[in-house]
Structures are given as C-alpha cells and as structure tokens.
Amino acid sequence: MRLACGWAICISALLLCADGTAHANAKEFDASTITHHPRSIAYYQAYDQHLQNIGWKLARANADYCERTASSIGLQLQDVTTFSDPDLARQTLRLSGDFAVATSAQSSPAGADGSLWQSREITHLGTANLNDLTTTKGAKWDRLKRAHDLLDQLLESRDPISITFASGERTEIAPVRACAGRFELAADSDKLVATDERVLIGLKSKIFAYPEDMFASGVAHEFAHMVLGHTAWLDRNGRKSRHTRLTELEADRLMPWLLANAGYDPAAAIRFFEDYRPPSGGVLFVRGSHPRWRERVEAVATELHQVRALIEREGKADWRTHFRRGVDPDLELAKERR
C-alpha cells in the first residue's frame, strides 16, 4: 500500500519558506501548535503526516480482513520538480538532487524508528537512481508517479527495500502487508471523500482539530467505503439516493470495527457524529442522499457490543467473518432480494 501525498497537487503556489521541517511523528497532533506559514511546505507536511500516521494504523491493523492488500513500508516521496520553482524548493529543503521523503508513517517500517524524517534527501531506490528519471513536458507529476510505481514494483517481491540517501547512508526496510489504497490530503478542500482506491481528506475540514480517536473516526468512515468497494457497487447499481444511503450506513457500522483493531475506542465513532452532526447532506455529504446524524449514531451503536466482545475474547474484531453486510457483496441490492 502506498500512502500517497496529494496536497501538492492542489497547491498552485507554495511559499517555500526556510522554516525547517515539520516533525509531526509526535504521539499527539495539535493543529494550534503549527506555526509554519500556512502556504509553506512544512505546514502541509505537518497535516499530511498526521493523516498518514492514522491512515497507516487503520490500514495495517485491518490487513487480515481486507479483500485487497499490498506490501508497504509507509513511505511517501516528493519531487521538487513538481513545484513552481524547483531551484527554490531545493534551496528550502537543502537538497542537491530532486527527491526527498515527504512523509514516513509513524509505526510503519519506514517510520518506526524515526530514521526517515520528512525532507531527507533520497537518491536511490534499490539500484535505481531517482534523479535519472526523466521529466515529461506538460506533465510534471508524471515523474513522481513513476518513482512511486518503482517503489511499488520493488515492494511486490516482499523483500527488504534498499534506500540510499544523499549522505551516502543506505538502509534496508522490510515491507509488511496492509490494506491496499492510499490516503491523500487535499489542500483546498473541507470534504471527506473516498473511492475504491483512495481516501481524500480536506485540510480545511474541522476534523483536524479533533482528538486523535475522533479524527481517526472520520478517516475510518471513508476508509470503510474504500475497503468495502462502495464506488464499484454504486457504479453497477446506480447512484440513487437510497443506494447511497445503504453504503453510508454500512460504512458507519464498520467504523467501530476498524477503530477497535487499530487500538482506538470504537465509541469514538459516536462522538465523531455527535460533534460533527452532519445533516442529510451539507458540508460533509451530498445533500439529500445521506442519513441524518442521529440515525448514524444509532447505526454505530448497534455494532459496539459485538466489537467489544470480540476484542475482549479474541483480541481483534474480525469484520470479514462477523460483520453483517448491508450491501450485498455480489453487487446486488440486498433489499431487493428480500
């Protein structure tokens, strides 16, 4: 699984302030303590790091139950040629080449010991020199994508990945299995959305001000859509309001399972809805197609007893075996079968 950086795609003109890097691998994230300029690299990295930390915990802890998994080390790259002024980006990040660490998720193989801090310059993945990758005119993100594709190819072997830094130091990192997909930060959005391939969290969303377990709840809801394949289901069955409501309530009910496996209080999902209180539509959701927040709280509550019982008895909440689907996994409407 690649935890992919999406914030830079949404930024037209970053202020490349020489304000240092945002070492956001700390146990607690507090947005009020971020003093970097709100258009600087470090500002976005701090928020993205928090998202990747929580995304990794959810994806790794639930890997035994996801239908699609992949090898991962929890590493994101950044390429200065994607910025409007690459020379200024190199100067700001103190790079001699083009590639550096964007984030390394806390507790992941790449971030477990704090060795791969943000903005540390990388020259090689395996034997491949990243700086030898050519750029494509008019498609400046293509090279970064190919660098991540190279990383994915190396991960497929499940062998340790060799990473060489500009300092000459080389390290080998063994991958682990995680749920397939990626988590991306959208710089100019307040939305929380998902496809079957990615979770997109808007930097302007109020959930970044929440305690970690409530923040994880918001991410877990979108993660549930991804792992349950709701985009494909809606594509096959049509995006009628009643269909969307089925997928929303199913994602709500899976939230406490995902949270519990990642070590969070599953009841945090209830606190999330009680505080956010999304109506049937509005800022977070498409108008008219989603259940009201009280119904969503009730949906989460129906799962808590079973989740807690499984955690107490087995130390894990096997949702692949025990979770009652609300949407037919064969992509047929469960309600229409009755």
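Being a predicted model, the structure only gives us computed values, none of them experimental.

1. Some thoughts on the overall build of the chain
Here's step 1: When helices and strands are tallied, the chain shows 10 helices and 11 strands.
Here's step 2: In the chain, which comprises 338 residues, the share counted as buried stands at 55%.
Here's step 3: For the chain, the proportion of contacts with a sequence separation of at least 24, taken over those separated by at least 6, is 67%.
Here's step 4: Carbon and sulfur atoms form 48% of the exposed surface of the chain, whose accessible area is close to 14900 Å².

2. Re the nonpolar core
Here's step 1: One finds L58, F223, L254 and W319 to be the most contacted residues of the largest nonpolar core, which totals 58 residues.
Here's step 2: Of all the elements in the fold, those that place two or more residues in this core are α1 (41-61), β8 (176-179), β9 (182-186), β11 (198-202), α4 (212-227), α6 (241-261), α7 (268-276) and α8 (293-314).
Here's step 3: Looking at this core element by element, the count peaks at 9 residues for α4.
Here's step 4: Counting residues in hydrophobic clusters, the runner-up holds 19 residues, among them L125, A147, I161 and I163.

3. Here's the deal with the sheet that holds strand β5 (residues 128-129)
Here's step 1: The sheet built from 4 strands is open, its strands ordered β5-β4-β6-β7 with antiparallel pairing. Only two strands of the sheet have a single neighbouring strand rather than two, namely β5 and β7 (170-173).
Here's step 2: In the packing of helix α3 (residues 142-156) onto the sheet, contacts are made with β4 (122-125), β5 and β6 (161-165), and the angle to β4 comes to roughly 40°.

4. So, the packing of aromatic side chains
Here's step 1: Summed over all chains, the structure comprises 12 aromatic pairs.
Here's step 2: An angle of 55° between the planes, with centres 5.1 Å apart, marks the rings of Y43 and Y47 as tilted. Separated by 4 residues within a single helix, Y43 and Y47 lie in helix α1, roughly one turn from each other.
Here's step 3: A relative accessible area of 15% places Y43 in the buried class.
Here's step 4: Taken together, F29, Y43, Y44, Y47, F208 and F215 form an aromatic cluster joined through their ring pairs.
Here's step 5: Directly above the ring of F165 sits R120, whose terminal nitrogen or CZ lies 3.8 Å from the centroid.
Here's step 6: A cation over a ring is seen here: K206 above Y276, with NZ or CZ 5.3 Å from the ring centre.

5. A look at the pairing of strand β3 (residues 99-104)
Here's step 1: Burial runs high along β3: 6 of the 6 residues are buried.
Here's step 2: With 5 bridges joining them, strand β2 (residues 75-79) and β3 adopt antiparallel strand pairing. Residue pairing in the sheet places Q78 in a bridge with A100 of β3.

6. Some details on the state of the cysteines
Here a disulfide denotes a covalent bond joining the sulfur atom of one cysteine to the sulfur atom of another.
Here's step 1: For the structure shown, the criterion picks out 1 disulfide.
Here's step 2: Bridging C66 to C179, the disulfide has an S-S length of 2.1 Å. Of note, the bridge from C66 to C179 carries an S-S torsion of about 80° and is right-handed in sense. Separated by 113 residues along the polypeptide, C66 in the loop between α1 and β1 (69-72) and C179 in strand β8 bring together distant segments of the chain. Both residues of the pair, C66 and C179, count as buried.

7. So, the side chain of T82
Here's step 1: By the element assignment, T82 lies in the loop between β2 and α2 (86-93).
Here's step 2: When its relative accessible area of 5% is taken as the criterion, T82 is described as buried.
Here's step 3: Within the structure, T82 has its side chain in polar contact with the backbone oxygen of D79 (distance 2.7 Å).
Here's step 4: Contact partners of T82, with chain neighbours within four places excluded, come to K140, W141 and L144.

8. Things to note about the sheet that holds β9
Here's step 1: Taking strand neighbours across the sheet as the criterion, the 3 strands line up as β9-β11-β10 in an open arrangement whose pairing is mixed. Each end of this open sheet is capped by a strand with a single partner; those strands are β9 and β10 (192-194). Neighbour-to-neighbour, the strand axes of this sheet turn through a mean angle of 20°, independent of strand direction.
Here's step 2: Relative to β11, β10 runs antiparallel, the two being bridged by 3 bridges. In the sheet register, L192 faces β11, and the bridge partner there is I201.
Here's step 3: The sheet contacts of α1 involve β9 and β11, and relative to β9 the element is tilted by about 155°.

9. Overview of unusual backbone geometry
Here's step 1: With phi around 60°, R94 is a residue other than glycine that occupies positive phi space.
Here's step 2: Note on placement: R94 falls in the loop between α2 and β3.
Here's step 3: Under the relative-accessibility criterion, R94 is labelled exposed at 65%.
Here's step 4: At S107, a position not held by glycine, the phi torsion is positive, near 75°.
Here's step 5: Turning to its location among the elements, S107 is positioned in the loop between β3 and β4.

10. A short note on the pattern of salt bridges
Here's step 1: Inspection of the entire model under this criterion finds 23 salt bridges.
Here's step 2: Its salt-bridge partner being R296, residue D252 comes within 2.8 Å of it at the nearest N-O pair. Placement of D252 in helix α6 and of R296 in helix α8 is noted, with a sequence separation of 44 residues between them. Considered together, D252 and R296 belong to a single accessibility category, that of buried residues.
Here's step 3: Taking the shortest distance from any N to any O, the salt bridge between R253 and E303 comes out at 2.7 Å. Placement of R253 in helix α6 and of E303 in helix α8 is noted, with a sequence separation of 50 residues between them. In this pair, the class of R253 matches that of E303, namely buried.
Here's step 4: One salt-bridge network, held together by shared partners, links D79, D87, R90, D98 and R143.

Conventions adopted
Residues numbered from 1 in each chain as written. Predicted model: local features only at pLDDT ≥ 70, side-chain atom pairs only at ≥ 80, totals over all residues. Heavy atoms only, no water. Helix = DSSP H or I, 4+ residues; strand = E, 2+ residues; numbered from the N terminus. Buried < 20%, exposed > 50% of the residue type's maximum accessible area, 1.4 Å probe, protein only. Contact = heavy atoms within 4.5 Å. Areas by Shrake-Rupley, 256 points an atom, 1.4 Å probe, with all protein chains shown as cover. Core = buried A, V, L, I, M, F, W, Y, C linked by side-chain atoms within 4.5 Å. Pairing = 2+ DSSP bridges. Axes fitted to C-alpha atoms, helices over the stretch in contact; angles between N-to-C directions. Phe/Tyr/Trp six-rings, centres within 6.5 Å; stacked < 30°, edge-to-face > 60°. Lys NZ or Arg CZ within 6 Å of the ring centre and 35° of its normal. Disulfide = S-S within 2.5 Å. Polar contact = N/O pair within 3.5 Å; in protein donor to acceptor, adjacent residues only side chain to side chain. Salt bridge = Lys/Arg side-chain N within 4 Å of Asp/Glu carboxyl O.

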